[in-house]
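Here are the chains, one letter per residue:
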Amino acid sequence: MTKPFAIGIDVGGTKIAAGLVNRAGDILHRYTTRAHSEQQPEVVIRAIEEAYRCLVKESRVEVTEIEAVGLGFPGNTNGPAGIVLVSSNLPAWNHFPLRDTLIERLGVPVVLENDTNLGAVGEHRYGAGRGVRNMGYVTFSTGYGLGIIINNGLYVGHTGTAGEVGHAVIDIGGPPCTCGKNGCVMAYASGVGISRMAYEQIKAGADTLLRQMAPPDGRRIPGETVVAAAQQGDAVAREILHKAGYYGGVGLSMIVEILNPELIVVGGGLVRIGSLLWEPMLAAMREHVQPELWDSVRVVPWQVGDDLGIIGAAAKVFADAEAHLV
Ligand SMILES: [Zn+2]
């Protein structure tokens, strides 16, 4: 017997967002905490516990009507094993058995998965990927990641980390990436990459508004700031966004060549930039795939949007329940 509700929890870099979700994919109640993934495991676990208990209490739903808790986590996870492999340079997270710890604390089934993979499941079930058998979901935001749906199911690979196309090296000896390597797709195609390129231009003495607009303490320059400069006619800012989009398209070309999907859905905060990013992205994809594959794939923006973290986590719970995995 399937149950009518799931709780989706998205552990992000600045907050933890949770929601009670029904099978139609509607969020009925929400709960947000200020804890985030760059804190110690115990802090994050306590926040998840608090979110779960508050949602159950507030919604007055019987615990027996909740299929499971779906939990999205950034970085490398081994979902099937329920383990966080690496997170935010905090050694305490290395190989942390987050799923089983939460099952013990909450007393309900828990499904753990990488947030981008859950995005793929969410867009496949409730968004732009409905009715599509083979697709990729690319998150283009602070980072650049891929979730893979094959034959209507999530493909996570041998150790759970499939789809790390953001860390495929495309520029040997290129700029440093957050992963410690150089020249990854993500070193250009991401919020981190945009900020890096902006600081590089400022240091090189380029004539750009970004010099005044950058945070005084050297923190990451938000994508919106670069967009604002571009909209004021700043050629350097436009070129940076063009480059980020272009390398994002190189990532898409690899996805097309390897997976031959019917559809690629692109979501994440940077999608809001619109044509300044989207057009060079599509152009680069076309430039780098074989002409026979040009028309093999549709590339569309996400439909679920900002709630994808919560809805994707719930979607995975429902999908697993239907496959009798929970
Ligand atoms: Zn990398």
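Residues numbered from 1 in each chain as written. Predicted model: local features only at pLDDT ≥ 70, side-chain atom pairs only at ≥ 80, totals over all residues.

Undergrad: What's the story with the overall build of the protein chain in this structure? I'm lost.
TA: The number of helices and strands found in the protein chain is nine helices and twelve strands. The C-alpha extent of the protein chain, read off along each of the three principal axes, is 60 × 50 × 35 Å. Taking all 326 residues of the protein chain together, 49% fall into the buried category. Contacts in the protein chain between residues at least 24 apart in sequence constitute 66% of all its contacts with a sequence separation of at least 6. (Helix = DSSP H or I, 4+ residues; strand = E, 2+ residues; numbered from the N terminus. Buried ≥ 20, exposed ≤ 12 C-beta atoms within 10 Å, placed from the backbone. Contact = placed C-beta atoms within 7 Å.)

Undergrad: Would you mind showing me how to read the packing of helix α3 (residues 115–126) against helix α9 (residues 308–322) here?
TA: Each packed pair of helices is defined by two parameters, the angle between the axes and the distance between the axes. It is the contact of α3 with α9, at a shortest axis distance of 7 Å, that shows an interaxial angle of 75°. With respect to α9, the element α3 is oriented roughly perpendicular. Residue-level inspection shows D115, L118, G119, V121, G122, E123, R125 and Y126 of α3 in contact with α9, the latter providing L308, G309, I311, G312, A313, A315, K316 and A319. Along the lines of polarity and charge, the residues of the contact of α3 with α9 split into eight nonpolar, four polar and four charged. (Axes fitted to C-alpha atoms, helices over the stretch in contact; angles between N-to-C directions. Parallel < 35°, antiparallel > 145°, perpendicular 65-115°, else oblique. Nonpolar A, V, L, I, M, F, W, Y, C, P; charged D, E, K, R; others polar.)

Undergrad: Honestly, α9 in this entry has me stumped. Any pointers?
TA: Since there are 3.6 residues in each turn of an α-helix, residues three or four apart along the chain are aligned in direction. A rise of 1.5 Å per residue sets the reference length of α9, with its 15 residues, at 21 Å; its end C-alpha atoms lie 20 Å apart and thus fit the reference within 8%. Taken across its 15 residues, α9 has 13 buried, putting it largely inside the fold. (Expected span 1.5 Å × (residues − 1).)

Undergrad: I would appreciate a short explanation of the sheet that holds strand β11 (residues 263–267) in the present structure.
TA: Note: strands within a sheet are paired through backbone hydrogen bonds, in either parallel or antiparallel orientation. Read across the open sheet, the five strands follow the order β10-β9-β8-β11-β12; overall the sheet is mixed. Edge strands, defined here as strands with exactly one partner in the open sheet, are β10 (153–155) and β12 (298–301). Shown here is a sheet whose adjacent strand axes are inclined to one another by a mean of 25°, direction ignored. Where β11 meets β12, four bridges bridge the pair, whose relative direction is parallel. (Pairing = 2+ DSSP bridges.)

Undergrad: I would appreciate a short explanation of the nonpolar core in the present structure.
TA: Across soluble globular proteins, nonpolar side chains have a tendency to be buried as a group. Core analysis: the largest hydrophobic core is formed by 100 residues, its most contacted members being I9, L71, V226 and I264. If you tally residues by element for this core, the top one is helix α7 (residues 235–259), at twelve residues. (Core = buried A, V, L, I, M, F, W, Y, C linked by C-beta atoms within 7 Å.)

Undergrad: Teacher, can you tell me more about the sheet that holds strand β2 (residues 16–22) here?
TA: Pairing within the open sheet is mixed, and its five strands lie in the order β3-β2-β1-β4-β7. Of all the strands in the sheet, just β3 (27–33) and β7 (110–114) have a single pairing partner and so form its edges. Averaged over neighbouring strand pairs, the angle between their axes works out to 20° when direction is ignored. By the bridge criterion, five bridges tie strand β4 (residues 66–73) to β7 in an arrangement that is parallel. Bridging from a neighbouring strand, G72 pairs with E113 of β7. The strands touched by helix α1 (residues 41–59) are β1 (5–11), β2, β3 and β4; relative to β3, the strand with the most contacts, the crossing angle is about 145°. Against the sheet, helix α2 (residues 98–106) touches β4 and β7, its axis set at about 150° to β7.

Undergrad: Looking at this model, I keep getting lost on the domain arrangement of the protein chain. Mind explaining?
TA: Think of interface size as the accessible area that goes away when the parts come together; that is how it is often given. Assigned domains within the protein chain: domain 1 (5–125 + 306–322) and domain 2 (131–303). Relative placement of domain 1 and domain 2: their C-alpha centres are 26 Å apart. Of the residues lining the interface, 16 residues belong to domain 1; the matching set on domain 2 comes to 20 residues. Every element with two or more residues in the side of domain 1 that touches domain 2 is listed here: β5 (76–78) and α3. For the side of domain 1 that touches domain 2, the leading source of residues is α3, giving seven residues. (Domains from an automatic or database assignment.)

Undergrad: Even after reading the chapter, I still don't get the pairing of β11, so can you show me in this structure?
TA: Consecutive side chains of a regular strand alternate in pointing toward one face of the sheet and then the other. Most of β11 is tucked away: five of the five residues are buried. In β11, alternate side chains face the same way, and those of L263, V265 and G267 on one face and I264 and V266 on the other are all buried. With five bridges joining them, strand β8 (residues 135–140) and β11 adopt parallel strand pairing. By the bridge assignment for β11, G136 is matched with I264. Note that the unit made of β11, helix α8 (residues 275–288) and β12 has a crossover that is right-handed. (Right-handed = clockwise from strand over helix to strand, strands pointing away.)

Undergrad: Could you clarify how one ought to interpret helix α6 (residues 223–231) in this entry?
TA: Buried residues of α6: G223, V226, V227, A229 and A230, and no others. Projected down its long axis, α6 shows its buried positions confined to an angular sector of 160°, all on one face. The first or second residue beyond α6 is G233, which carries a positive phi of 90°. (Arc of directions from axis to C-beta.)

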